[in-house]
Amino acid sequence: MTSTAPPRQSRRRARIGRPIGRPAYLATAVGTFVLLIVIWALVAALGLVDPMFLPGPGEVLGALAAQAANGELWADIGVSAFRILVGFVLATVMAVPIGTLMGVSPRVEAALEPLMDFIRYMPVVAFVPLTIVWVGIDEGQKFLIIWMGTFFQQVLMVADAVRRTPRTLVSLGETLGLSWLQLLSRIVVPSAMPRIWDALRITLGWAWTWLVVAELVAASSGMGFRITVAQRFFQTDLIIGYVFVLGLLGLVLDQAMRAAGRRMFAYQEGRA
Amino acid sequence: MSGQDRAASAGAAAAGDAAAAGDAVAAGDAAAAPKLKIAGLMKRFGRGDRAVTALEGVDLAVAENEFVSIVGASGCGKSTLLSLVAGLDEPSEGTIEVSGREVTGPGRDRGVVFQQATLMPWLTVQQNVEFALRGEPGLSRGDRADRAREFLRLVGLDGFERSFPAQLSGGMQQRVALARSLSYGPDMLLMDEPFGALDALTRRTMQELLLEVWEQHRLTVLLVTHDIDEAVVTSDRVVVMSPRPGRVQRIIDVPIARPRTLASERSPEFRGLSDDILALIRDAPRTG
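As the structure is a prediction and not an experimental result, all values here were calculated from the model. (Residues numbered from 1 in each chain as written. Chains lettered and ligands numbered in written order. Predicted model: local features only at pLDDT ≥ 70, side-chain atom pairs only at ≥ 80, totals over all residues.)

Student: Got a minute to help me understand the overall build of chain A in this structure?
Tutor: When helices and strands are tallied, chain A shows 10 helices and zero strands. The helix and strand sequence of chain A, counted from the amino end, reads α-α-α-α-α-α-α-α-α-α. Relative to a compact globule of 272 residues, whose C-alpha radius of gyration would be 19 Å, chain A shows 25 Å and is clearly more extended. Projecting the C-alpha coordinates of chain A onto the three principal axes gives extents of approximately 85 × 70 × 30 Å. In chain A, buried positions account for 30% of the 272 residues. The long-range fraction of contacts in chain A, counting pairs at least 24 apart against all pairs at least 6 apart in sequence, stands at 71%. (Helix = DSSP H or I, 4+ residues; strand = E, 2+ residues; numbered from the N terminus. Rg over C-alpha atoms; globule rule 2.2 N^0.38 Å. Buried ≥ 20, exposed ≤ 12 C-beta atoms within 10 Å, placed from the backbone. Contact = placed C-beta atoms within 7 Å.)

Right, here's the structure in full:
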């Protein structure tokens, strides 16, 4: 009987997009990190690179631990997080309504979108000296840089999210007698919300970059400021440690927003 | 059942308020006045050399509580005609009157069922129906919930009130859309290939449901479909349209007795009508 059946292929062929289980996914992801850290530790331990340029994982952790013990790490994170919060929230509360209007009104789109597109391609970094001239080097300048770096991106992404509202959903609202404002608030914005949330999540990541840019140039506190000070004293271990902390904060925030999005927009999936 | 009837009459009364003035004027010949009157309708898309005439010289009258289908080859403008009646688009020439008033835009007197179910994905089944009831004057929150549940029961969806649209099959989603359109008691129901996206088996079930629901809640229906059997089994009259530009080619009476079921399709009378209509569409003149 087995002889008549076609021989089973003993080896699985590689297939595009074959899913792997969640544990396998996690293990592979962690594995990549571990591998890189091991290579780094080896390179440092074997003295292949001057420790002045590349301190080992132990030194970096030690520098961070000392910084955490004397409280500076937490103070730096706090100051930087506050700047992000203000700059990002300011950008968001402006970008969502303006982007929505751009998405629903061709006239507003014509008035603003080419302008926003133009500004978006101006390098924010180049504005740092100008913002210092405009508003000085105190908190306002940090908010302004973060705002500039995120608002123009957000507004275009929100407009795009709004534009993808299914036309028939709006038509349906019209046949139910909804006013323009009701169509906007009950159909267009809720429909675009998952995509708007995604836009916010992505731009929040960028906000961290602009924060450090602003703090590297002119600041007396914050993560970027600490990095410039460390550079002055050749504390490469502290610089690397802070860069990692920045990366980690970004990753945690991103995952938190993903999780919140999955919860808020659970209705999109066929199961809930 | 009596609860549903009450709900329907309450809805009709609410929707009928605005129409009362027009009815009073035409009180003398109320029986003769059509629910829907289309005269000299022309619709052109684009301008100049690239203009396409989708509809030309369309005249049609539909009586109160009449069920009329529109069939024709693709591109005959049947969906355009429906969206003009819905008020979602404007005619280039001619007039459309519903209950004696000219259509100038979409309104609650005309409920529309689209080809895709167009449910709000972020609302539950129950909330989707209640969404349509928010515009009803004099309905409390509790009334809205009761009315939504009644109409969901009517389309056989009791027990699914708390589901989200993404959890439902295409046929069930279209049932929700039908319940929603009926719940607020519009004068007319406009359906644009409502079962066109469903598989053959589900489509049969939905046609059966539509027949049942219409027997219980008589209202004026305009159904656009490419399924000739569906048109014949549901309708009092079938409007056959010819393409390029879309015109009314012929209007066919369907004298099959009501109430009908899908079993009516087995009668020789039905097959004869269905074949005649198919022949009309195949041999449609292709002018312009």
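Student: Just to check I follow, could you spell out unusual backbone geometry for this structure?
Tutor: Excluding glycine, most residues fall at negative phi; most peptide bonds, likewise, are trans. Residue and element names in this part refer to chain B. Cis peptide bonds are those with omega within 30 degrees of zero, and the linkage from Arg-244 to Pro-245 qualifies with -15°. Here Pro-245 lies in the loop between β9 (237–242) and β10 (247–253). With omega at -5°, the peptide bond leading from Arg-258 into Pro-259 counts as cis. Its identity is not glycine, yet Asn-65 carries a phi of approximately 65°, on the positive side. Counting through the fold element by element, Asn-65 comes out in the loop between β2 (52–62) and β3 (67–72). By C-beta crowding, Asn-65 is classed as partly exposed, having 15 other C-beta atoms within 10 Å.

Student: Which parts of the structure should I look at to understand the interface of chain B and chain A?
Tutor: Opposite the 18 residues of chain B that make contact, chain A presents 15 residues. Looking at the side of chain B that touches chain A, the element that brings in the most residues is strand β6 (residues 110–113) of chain B, giving three residues. In the side of chain B that touches chain A, the residues fall into 10 nonpolar, six polar and two charged. (Nonpolar A, V, L, I, M, F, W, Y, C, P; charged D, E, K, R; others polar.)

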